[in-house]
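Examination of the molecular architecture
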Amino acid sequence: MENMTLLEFARGPGLQWALWIFCLGVLWRIVGAMYLLGTKDISKARRKHYFRDGLRACLTRSAPAEAFEEKIRFQHISGYAWHLALFVSVLFFAPHILFFESILGISWPHLPNTIILFSGAVATALLIALLIRRVVHPVQRLISTIDDYISIVVVLVPLLTGIAAFAHVGARYETLLALHLLSVETMLIWYPFSKLMHAFMTFPSRYQSGTFFGHRGVKA
C-alpha cells in the first residue's frame, strides 16, 4: 500500500469506492423518489388508458413548447448535440468498452479513434459554450445554482483529461491516465447527489407527470 502509485490507486481502491458510492447513491435516490409516489390516488380516473398519456409525455416533453423555441433554440439543439457526442465518446471508445466488459460481462463494437476524438472534442467545446452561456445569459445566471456549475466542471474535467491522455499531451501517459480516472471517479461520487441524476430521473418523471394528468383528464 505504501508503494502504490497514483495510477494503481485510481485503478484499484479509488475506482472501487467510487463505483460503490455511485451505485448506492443512485439506488438511494431512486428508492427515495419511489417513496414519494407512495400516496395512492383515490380520485376516479377520467380516462381508461391514461398510461398512454405517460408515454406521450415522455415524447412531447423532450422538446420545448413552440412558444419558447425561438428563445432557447441554441440551448435546445446544443444540449442534445452535447449528449449525443458524449454518448459516442463514452460508449464506443475501445478502452471504455473493455472497462464496461470487465464490470458487465458484455461487449460491443467500437468506433475508430478519429471519430471518438472528434466526438470528444465536440462534447468538450459544446459544454464550454453552454457554461459560458450560463454565466453571461441573465436569466440562466439568475436560476443557476452551485450544483449547476460543479456538475458542469466535474463532467468537463474527465473530457479534458481524456483528450489529453489520448493525445499524450501535458505529462507522462501514466500520469494523464491516472488524472483521467480520478476525475471520472470524482464525477461518479458527485453524480447521485447532484442534478446529474437527471439521466435516471428525466423520463420516469415525465411518465409520472403524464399519467397524473391523464388520470385527471388533463392534456399533458
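Residues numbered from 1 in each chain as written. Predicted model: local features only at pLDDT ≥ 70, side-chain atom pairs only at ≥ 80, totals over all residues. Heavy atoms only, no water.

**Section: the overall build of the protein chain**
- Scanning the protein chain from terminus to terminus reveals ten helices and zero strands.
- Listing the helices and strands of the protein chain from first to last along the sequence gives α-α-α-α-α-α-α-α-α-α.
- Looking at the protein chain as a whole, 31% of its 220 residues are labelled buried.
- Long-range contacts, defined here as pairs at least 24 residues apart, represent 70% of the contacts in the protein chain between residues at least 6 apart.
- A total of about 14700 Å² of accessible surface is found on the protein chain, and carbon and sulfur atoms cover 71% of it. (Helix = DSSP H or I, 4+ residues; strand = E, 2+ residues; numbered from the N terminus. Buried < 20%, exposed > 50% of the residue type's maximum accessible area, 1.4 Å probe, protein only. Contact = heavy atoms within 4.5 Å. Areas by Shrake-Rupley, 256 points an atom, 1.4 Å probe, with all protein chains shown as cover.)

**A look at the side chain of Thr-161**
- Relative to the helices and strands, Thr-161 resides in helix α8 (residues 146–167).
- A residue is classified by how much of its surface remains accessible, and Thr-161, at 16% relative accessible area, is buried.
- Apart from the residues within four sequence positions on either side, Thr-161 is in contact with Leu-176, Leu-179, His-180 and Ser-183.

**Concerning the nonpolar core**
- Trp-82, Leu-127, Val-155 and Leu-196 are the most contacted members of the largest nonpolar core, which totals 20 residues.
- When residues no more than four places from it in sequence are discounted, the contact partners of Leu-196 are Ser-151, Val-154, Val-155, Met-187, Trp-190 and Tyr-191.
- Grouped together as the second largest cluster of nonpolar side chains are five residues, Leu-7, Leu-177, Ala-178 and Leu-181 included. (Core = buried A, V, L, I, M, F, W, Y, C linked by side-chain atoms within 4.5 Å.)

**What to know about unusual backbone geometry**
- For His-168, which is not glycine, the phi dihedral falls at a positive 55 degrees.
- Locating His-168 in the fold gives a position in the loop between α8 and α9 (173–190).

**Brief notes about the pattern of salt bridges**
- Applying the stated rule across the entire model yields three salt bridges.
- A salt bridge links Arg-134 to Asp-148; the shortest N-O distance between them is 3.8 Å. Highlighted residues: Arg-134 in helix α6 (residues 113–136) and Asp-148 in helix α8, separated in sequence by 14 residues. Of the two residues examined, Arg-134 and Asp-148, each falls in the buried class.
- Among the charged side chains, a salt-bridge network with shared partners connects Arg-134, Asp-148 and Lys-195. (Salt bridge = Lys/Arg side-chain N within 4 Å of Asp/Glu carboxyl O.)

**Considerations on the packing of α8 against α9**
- Their axes nearest at 8 Å, the elements α8 and α9 cross at an angle of 155 degrees. By the angle between their axes, α8 is roughly antiparallel relative to α9. The interaxial crossing formed by α8 with α9 has left-handed handedness. Residues Asp-147, Ile-150, Ser-151, Val-154, Val-155, Val-157, Pro-158, Thr-161, Gly-162, Ala-164 and Ala-165 of α8 pack against Tyr-173, Leu-176, Leu-177, Leu-179, His-180, Ser-183, Val-184, Thr-186, Met-187 and Trp-190 of α9.
- For the contact of α8 with α9, the residue count by class is 14 nonpolar, six polar and one charged. (Axes fitted to C-alpha atoms, helices over the stretch in contact; angles between N-to-C directions. Parallel < 35°, antiparallel > 145°, perpendicular 65-115°, else oblique. Left-handed = near helix turned anticlockwise from the far one by under 90°. Nonpolar A, V, L, I, M, F, W, Y, C, P; charged D, E, K, R; others polar.)

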